[in-house]
Amino acid sequence: MIPRFGIGMLAVLTLFASCGSPTPSSVTTEAGSDGATASFDCGRIQGPRSTNRFYEDNPTYIDPVDDSASWRISSPEAQGMSASRLERASTALADLPYSRSLLVIRHGALVFERYYHGSAKNQSNNVHSASKSIWGAALGIAIDQGRIPSADATIASILPAHYVEVMSPETRTIKVRDLLTMTSGNDWDEDTTETQIQQTPDWVAATLKLPTAAPPGTRFNYSTGDTHLGSAVLTSATQTTACEFIHQNLLAPLGVVAEHWGRDPQGYFSGGYNFYVTPRELAKFGLLYLRDGRWNGKQLVPAAWVQASMTNQVDAGAPYSYGYDFWLRDIAGHHVAMAWGFGGQMIYIIKDLDLVVVMTTNTREFAPDSFNGLSIIEDDVLPAAS
């Protein structure tokens, strides 16, 4: 049901939407439930409005909160895993100069945790596109709350009028679902189009003006432009900043607070990039999805949405398929859902083994494009759980 507003209120909301993303509150907000409590301040978390840099330089931030009390710690053997196989995986990672972390969670317990080359559990770094999976969850929550009518709603029905005006007739048929599955049809060439977009004064408008390469909903094409459009959609639908909505409804109840989050020239928070959290915080998000969206007795993400997110929605090129902002593939007979960020910022969710694995790498001094950790998962981590 869509609420009706008086003319005065409608005018206020129209003006609000036309000015870009709302300004985050500088007041610390409390959120949480059943022992998982976190305080967040989006005025502190937000980066400056970018003018000509789509991607940041990947500095390291320090998380001031020690979350050790929120974890159940166990030995690998107590949870049916081989410590020696995990040590072998750790040795392989330690030999790579860009490795930062390896975390293994089995049956809800943290059974293995290693940091490399000066990294530490309180270091918060850019997890790049691994944050796209968090965006997928946020849109699912907004749909569940009725802020977005459904995944089949067109983005033109949600975005401010000044953005709809620049869209072609075909672009106006793009659905929220198409952003989640990277099937918007926009002619986006990842790692190239960004350099064009960053030279424009309005990145959302520039993305919407891109030529159409395929009818929306028909062809997978990996695009950070799609998830950044999702930021504008979420902001317009919820009438608050993405930082506040996502922390209030998803991250803070997990005890997760981002240390930094980039923004575009209009103030929209970066959709699926320039997002900084610790490896343990990534692991909590993975554990939430392993538990079908439930945390400390509360359903944060609808279970049906979690299942759909980790189910094949579109062919992404063998051996991968794609769900709702999750990469999917089978490894050694196990279905693996992956949040996958540039350089090897990885969350692996293996439901049949009740297993979550996190790996992160250093992308400030290195650019390990091809690393995704899958050989370590296949050769050592999965055998450790068998």
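Model, not experiment: these values are computed from the prediction.

1. As for the overall build of the protein
Alright, step 1. A count of helices and strands for the protein gives 13 helices and 17 strands.
Alright, step 2. Relative to the 2.2 N^0.38 estimate, which gives 21 Å for 386 residues, the radius of gyration of the protein is 20 Å and therefore close to what a compact globule would have.
Alright, step 3. Expressed as lengths along the three principal axes of its C-alpha atoms, the size of the protein is roughly 65 × 45 × 40 Å.
Alright, step 4. Across the 386 residues in the protein, those meeting the buried criterion constitute 59%.
Alright, step 5. Considering only residue pairs separated by 6 or more positions, the protein has 68% of its internal contacts joining residues 24 or more positions apart.

2. Looking at helix 4 (residues 132-144)
Alright, step 1. When the terminal C-alpha atoms of helix 4 are compared, their 19 Å separation across 13 residues agrees well with the 18 Å that a helix rising 1.5 Å per residue should span.
Alright, step 2. Within helix 4, 12 of the 13 residues are buried, which leaves it mostly tucked inside the rest of the structure.
Alright, step 3. Once helix 4 ends, the next one or two residues include Gly 146, with phi positive near 80 degrees.

3. A short note on the state of the cysteines
Alright, step 1. Tallying each qualifying case throughout the model produces one disulfide.
Alright, step 2. The side chain of Cys 42 participates in a disulfide bridge whose partner is Cys 243; the two sulfur atoms lie 2.1 Å from each other. When the S-S torsion is -90 degrees, as for the bridge of Cys 42 with Cys 243, the disulfide is left-handed. Here Cys 42 is found in helix 2 (residues 42-45), whereas its partner Cys 243 is found in helix 10 (residues 242-251), with 201 residues between them in sequence.

4. Some points on the pattern of salt bridges
Alright, step 1. Under the criterion given, the structure shown has 10 salt bridges.
Alright, step 2. One salt bridge in this structure joins Arg 85 and Asp 380, with 3.7 Å as the shortest N-O distance. Here the residue Arg 85 occupies a position in helix 3 (residues 83-94), and Asp 380 occupies one in helix 13 (residues 374-385), the gap between them amounting to 295 residues.
Alright, step 3. Residues joined in a network through salt bridges with shared partners are Asp 67, Glu 113, Arg 280 and Lys 284.

5. Description of the packing of aromatic side chains
Alright, step 1. Overall, the coordinates contain 23 aromatic pairs when judged by the stated rule.
Alright, step 2. Ring geometry for Phe 54 and Trp 188: centres 6.4 Å apart, planes at 55 degrees, overall tilted. Remark: Trp 188 occurs in the loop between helix 6 (176-180) and helix 7 (193-197) and Phe 54 occurs in the loop between strand 3 (46-49) and strand 4 (61-62); sequence separation between them is 134 residues.
Alright, step 3. Phe 54 gets classed as buried once you look at its relative accessible area, which sits at 2%.
Alright, step 4. Pairwise contacts between aromatic rings join Phe 220, Tyr 222, Tyr 320, Tyr 322, Trp 327 and Trp 340 into one cluster.
Alright, step 5. Seen from the ring of Phe 112, Arg 114 lies directly overhead, with NZ or CZ sitting 4.1 Å from the centre.
Alright, step 6. Its guanidinium or amino end placed over the ring of Tyr 320, Arg 329 lies 5.3 Å from that ring's centre, counting from NZ or CZ.

6. Examining the sheet that holds strand 16 (residues 345-350)
Alright, step 1. With antiparallel pairing, the eight strands of this open sheet are ordered in space as 6-5-17-16-15-14-13-12. Here the strands that pair on one side only, and so sit at the sheet edges, are strand 6 (109-115) and strand 12 (314-315).
Alright, step 2. Alignment of strand 16 against strand 17 (residues 355-361), held across five bridges, turns out to be antiparallel. Paired with Met 346 across the two strands is Met 359, which belongs to strand 17.
Alright, step 3. Against the sheet, helix 13 makes contact with strand 5 (99-106), strand 14 (327-331), strand 15 (334-341), strand 16 and strand 17, and its axis sits at roughly 145 degrees relative to strand 17, the strand it touches most.

7. What about the packing of helix 3 against helix 13?
Alright, step 1. Running from N to C, helix 3 and helix 13 point in directions that differ by 155 degrees, and their axes come no closer than 8 Å. Relative to helix 13, the element helix 3 lies roughly antiparallel. Seen along the crossing, helix 3 lies across helix 13 with a hand that is left-handed. Residues Arg 85, Leu 86, Arg 88, Ala 89, Ala 92 and Leu 93 of helix 3 touch helix 13, and the partners they reach there are Ile 376, Asp 379, Asp 380, Val 381, Pro 383 and Ala 384.
Alright, step 2. Residues of the contact of helix 3 with helix 13, tallied by class, amount to eight nonpolar, no polar and four charged.

8. Topic: the side chain of Thr 363
Alright, step 1. Inspection of the secondary structure puts Thr 363 in the loop between strand 17 and helix 13.
Alright, step 2. Here the side chain of Thr 363 touches His 128 through a polar contact of 2.8 Å, side chain to side chain.
Alright, step 3. The contacts of Thr 363, once residues within four sequence positions are left out, are Asn 58, Arg 100, His 128, Phe 342, Gly 343, Gln 345 and Pro 368.

9. Notes on unusual backbone geometry
Alright, step 1. Across the junction of Ala 318 and Pro 319, the peptide omega takes the value 5 degrees, indicating a cis bond.
Alright, step 2. Locating Pro 319 in the fold gives a position in the loop between strand 12 and strand 13 (321-322).
Alright, step 3. Phi is positive for Asp 191, close to 75 degrees, though the residue is something other than glycine.
Alright, step 4. Along the chain, Asp 191 falls in the loop between helix 6 and helix 7.
Alright, step 5. Phi is positive for Ala 332, which is not a glycine, with a value near 50 degrees.
Alright, step 6. Mapped onto the elements of the fold, Ala 332 is located in the loop between strand 14 and strand 15.

10. Considerations on the pairing of strand 5
For a regular strand, the rule is simple: side chains alternate between the two faces of the sheet.
Alright, step 1. Taken across its eight residues, strand 5 has eight buried, putting it largely inside the fold.
Alright, step 2. Here strand 5 runs beside strand 17; their pairing, made up of seven bridges, is antiparallel. Bridge pairing links Ile 105 to Val 356 in strand 17.
Alright, step 3. Direction of pairing for strand 5 relative to strand 6: antiparallel, over a ladder of six bridges. By the bridge assignment for strand 6, Ile 105 is matched with Leu 110.

Parameters at a glance
Residues numbered from 1 in each chain as written. Predicted model: local features only at pLDDT ≥ 70, side-chain atom pairs only at ≥ 80, totals over all residues. Heavy atoms only, no water. Helix = DSSP H or I, 4+ residues; strand = E, 2+ residues; numbered from the N terminus. Rg over C-alpha atoms; globule rule 2.2 N^0.38 Å. Buried < 20%, exposed > 50% of the residue type's maximum accessible area, 1.4 Å probe, protein only. Contact = heavy atoms within 4.5 Å. Expected span 1.5 Å × (residues − 1). Disulfide = S-S within 2.5 Å. Salt bridge = Lys/Arg side-chain N within 4 Å of Asp/Glu carboxyl O. Phe/Tyr/Trp six-rings, centres within 6.5 Å; stacked < 30°, edge-to-face > 60°. Lys NZ or Arg CZ within 6 Å of the ring centre and 35° of its normal. Pairing = 2+ DSSP bridges. Axes fitted to C-alpha atoms, helices over the stretch in contact; angles between N-to-C directions. Parallel < 35°, antiparallel > 145°, perpendicular 65-115°, else oblique. Left-handed = near helix turned anticlockwise from the far one by under 90°. Nonpolar A, V, L, I, M, F, W, Y, C, P; charged D, E, K, R; others polar. Polar contact = N/O pair within 3.5 Å; in protein donor to acceptor, adjacent residues only side chain to side chain.

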